[in-house]
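# Architecture and fold: a report
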Amino acid sequence: MALLLWWIPLMPLLGFITLSCTPLWLQREPSEKFTTVLGVGSVGLAALLTAALGAGFQTHDATIIQTPLWQWVQVSDGKFPLQLNFGFHVDALTLVMLSVITGVGFLIHVYSAAYMRGDDSYRRYFAYLNLFVFSMLVLVLADNLALLYLGWEGVGLCSYLLIGFWYRNPDNGRAARKAFIVTRVGDTAMLIGLLLLLKEFHTLSLQPLMNAVRSPGADPEVLTLAALLLLGGTTGKSAQLPLQTWLPDAMAGPTPVSALIHAATMVTAGVYLVARCHDLFLRSEIAMLATATIGTLTLLLAGISALAQTDLKRVLAYSTISQLGYMFLALGAGAFSAAVFHLVTHAFFKALLFLSAGVVILSLHHEQDIRSMGGLRKKLPLVCTAFAIGCAALAALPLTSGFFSKEQILAQTWNTFGGLNPFWIGGIVGALVTGMYSARLLTQVFFGREGSASQHCRSAQMPAMSVPLTVLALLALLGGAIPLHLDSVFGSIGNHHVPSLVQWIAAAAPICGILIWLLIRYLAEQNRAKTQSHFFFPILQNWARNGWGFDRLYQALLTAPLRWVASANRDDIVDKCYASVGSTCLRLHFWLSRTQSGLLRSYLTAIVAGVIGVLFLFLLITAVRL
């Protein structure tokens, strides 16, 4: 099993290296078939190796596997001893993340082979995709926070490359830069938190560090500050308030990239980090409360924003932010197993929704405005079925995978915060809003009258797309029955009683949301108004559609002042200081050179004037002293 750990991340890395170097070896671009076999096959082999590792884990009844890699840093200073040994660490949590990354990632790779067919940068696309999977695998396998941080930054780099994949469009380049810069803000906070932990405990190895954190002698203030700094890093990577602004614009990349970022890799990294460092967060009530608060506010604001969007992919993007808010709410409530469970089910139904949306977009000649869609259920029946299943799981309708995971989150929130509390109420309202925008999206795209784009629909679905959609649809329906066995990592929380009324309210909330939206749609059709333009209050609709003004706020407070400073400093103020020294010397030289006329009487006049001036000064000083 230890040998398998080497090969799981090595397969996509070899795929990336081979795809990157093949043009150098062949002196030409490889064929799409070769690229597909290598790019898809490398992740497929990683998925098979992960399955073998999971089987061995169960067979040997193992709880933890440690595999050392190499020693990076060793300092023997008595005051500050430091040793960073890199290795891989596998427990039940790691195994769950490996399964999601390689399993869902493989299905997205298979889908990509058809979606990207004929693209001029087909090889480059799969090279980036393989590097993305490798970076995420390193992140979750790392037994050291320093190695985890390297994988963390690798994921950030790959997201920049893939969001801006079609870089000839300036908007795509801007979206990629925005994602990179905003997530760097969170990453900076995370790096400071890692350095604080290193200074305090002299290690970043996960097990020794968590043992030190649990010790009674650990300074509570340091633990709180470190946890809050790590939380800052997770808010950036997982697009939580106030660093959520990059994710909706990240839809500029190819649709399979959106599925990979939202479902299997990047945005789940923040949830994983908090879950992995749960011992640190449990030592700080402030950090736990901050996590729950951020999650609750995010799921509400993002859910309402999803209800106001008109772009198909942006609806799903805000939906992802909202569902990640549920995961953070669970983390803040101490329901770590429920958070990871929702991460898994969300990977199933959100990948399904994005891949289904990709078929719709291709079939409508790259049209993404849902106001131009409608009536596609007859022209795209399989996609309609898959999308409906994804929406049902997203809304957490009973018996779908999303229902079981969200029900655990709400139940634990009720218990942790003592019954009726703002966090539980926020979760219920969020479930109601989720039901509304899920119903809005499904009815607007696949039902009702045909829009202008739907009239020109052509089926772009291929077998390579149908298989991933079918598998993900089954997982979105039945994934809630998959046992995760995370008690060995987080411990057992026991069976706390939740009143039946609370459970019924949680189950009824999304259904009520669906019914409310259907009523709104019916009333709008009766009034012969467009359904998508009817959203409570126009001002609220505009605010929600524009992400509640966060982009404008950051533009006014940060971007505009920085641009002004950059413009004012276009020629570099430091260079101006050095240049002023030179120009001052030149001017002094010019004026002094005017005194060198070459006339003797001018020199004598100057000497006499100087002597008179000195004598006058001497007499003046003497008079003052007397």
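Keep in mind it's a predicted model, so treat the numbers as computed, not measured. (Residues numbered from 1 in each chain as written. Predicted model: local features only at pLDDT ≥ 70, side-chain atom pairs only at ≥ 80, totals over all residues. Heavy atoms only, no water.)

## Notes on the packing of helix H15 (residues 336-363) against helix H16 (residues 381-394)
Two elements in contact, H15 and H16, have axes whose closest approach is 9 Å; the angle formed by their N-to-C orientations is 145 degrees. The handedness of the crossing between H15 and H16 comes out as left-handed. Mapping the contact onto sequence places Phe349, Lys350, Leu352, Leu353, Ser356, Ala357, Val359 and Val360 in H15 and Val383, Ala386, Phe387, Ile389, Gly390, Cys391, Ala393 and Leu394 in H16. Taken together, the residues that form the contact of H15 with H16 break down as 13 nonpolar, 2 polar and 1 charged. (Axes fitted to C-alpha atoms, helices over the stretch in contact; angles between N-to-C directions. Helix = DSSP H or I, 4+ residues; strand = E, 2+ residues; numbered from the N terminus. Left-handed = near helix turned anticlockwise from the far one by under 90°. Contact = heavy atoms within 4.5 Å. Nonpolar A, V, L, I, M, F, W, Y, C, P; charged D, E, K, R; others polar.)

## Quick look at the environment of Ala453
By the secondary structure assignment, Ala453 is in the loop between helix H18 (422-446) and helix H19 (463-478). Along the backbone, Ala453 and Gln368 are 85 residues apart, and their C-alpha atoms lie at a distance of 9.3 Å. Residues within four places of Ala453 in sequence aside, it is in contact with Leu364, Glu367 and Ser372.

## Some details on the packing of aromatic side chains
Ring pairs (aromatic) are described by centroid distance and by the angle formed between their planes. Applying the stated criterion across every chain, the model contains 16 aromatic pairs. Seen from their ring centres, Phe387 and Phe446 are 5.3 Å apart, and the 50 degrees between their planes marks the pair as tilted. Of the two residues, Phe387 sits in helix H16 while Phe446 sits in helix H18, which places them 59 residues apart along the sequence. Comparing Phe387 with Phe446 shows no difference in burial state: the two are buried. Connected via pairs of aromatic rings, a cluster forms that spans Tyr122, Tyr125, Phe126, Tyr128, Phe165 and Trp166. The ring of Phe180 carries Arg184 above its face, with NZ or CZ at 4.4 Å from the centroid. Lying across the ring of Tyr326, Lys406 places its NZ or CZ 4.4 Å from the centre. (Phe/Tyr/Trp six-rings, centres within 6.5 Å; stacked < 30°, edge-to-face > 60°. Buried < 20%, exposed > 50% of the residue type's maximum accessible area, 1.4 Å probe, protein only. Lys NZ or Arg CZ within 6 Å of the ring centre and 35° of its normal.)

## Notes on the nonpolar core
Among the nonpolar cores identified, the biggest contains 195 residues, and Leu145, Trp246, Leu312 and Val360 are the most heavily contacted of them. Among the elements that make up this core, the one with the highest residue count is H15 (20 residues). Sequence-distant contacts of Leu145, that is, excluding residues within four places in its chain, are made with Leu194, Leu197, Leu204, Leu206, Leu209, Leu273 and Cys277. Counting 5 residues, the second largest nonpolar core, distinct from the first, contains Leu241, Ala308, Trp548 and Phe550. (Core = buried A, V, L, I, M, F, W, Y, C linked by side-chain atoms within 4.5 Å.)

## Some thoughts on unusual backbone geometry
Leu241 connects to Pro242 through a cis peptide bond whose omega is 5 degrees. Looking at the secondary structure, you find Pro242 in the loop between helix H8 (220-237) and helix H9 (246-249). A positive phi is found at Gln27, a non-glycine position, where the angle reads about 60 degrees. Its relative accessible area of 67% is what places Gln27 among the exposed residues. In this structure, His365 is a non-glycine residue whose phi angle is positive, near 60 degrees. With relative accessibility at 43%, the residue His365 sits in the partly exposed group.

## Focus on the state of the cysteines
Tallied over the full model, the rule gives 0 disulfides. The thiol sulfur of Cys577 is not disulfide-bonded, and the nearest other cysteine sulfur, from Cys585, lies at 14 Å. On the basis of relative accessible area, Cys577 is assigned to the partly exposed category, the value being 46%. (Disulfide = S-S within 2.5 Å.)

## With respect to the pairing of strand S2 (residues 82-90)
Of all 9 residues in S2, 7 are buried, a share of seventy percent or more. Pairing of strand S1 (residues 65-75) with S2, which is carried by 9 bridges, proceeds in the antiparallel orientation. Paired with Trp70 across the strands is Phe86, a residue of S2. (Pairing = 2+ DSSP bridges.)

## Considerations on the side chain of Thr255
With respect to the secondary-structure elements, Thr255 resides in helix H10 (residues 255-264). With relative accessibility at 1%, the residue Thr255 sits in the buried group. Within the structure, Thr255 has its side chain in polar contact with the side chain of Lys313 (distance 3.4 Å). The residues contacting Thr255, other than those within four sequence positions of it, are Tyr115, Lys313, Phe354, Gly358 and Ile361. (Polar contact = N/O pair within 3.5 Å; in protein donor to acceptor, adjacent residues only side chain to side chain.)

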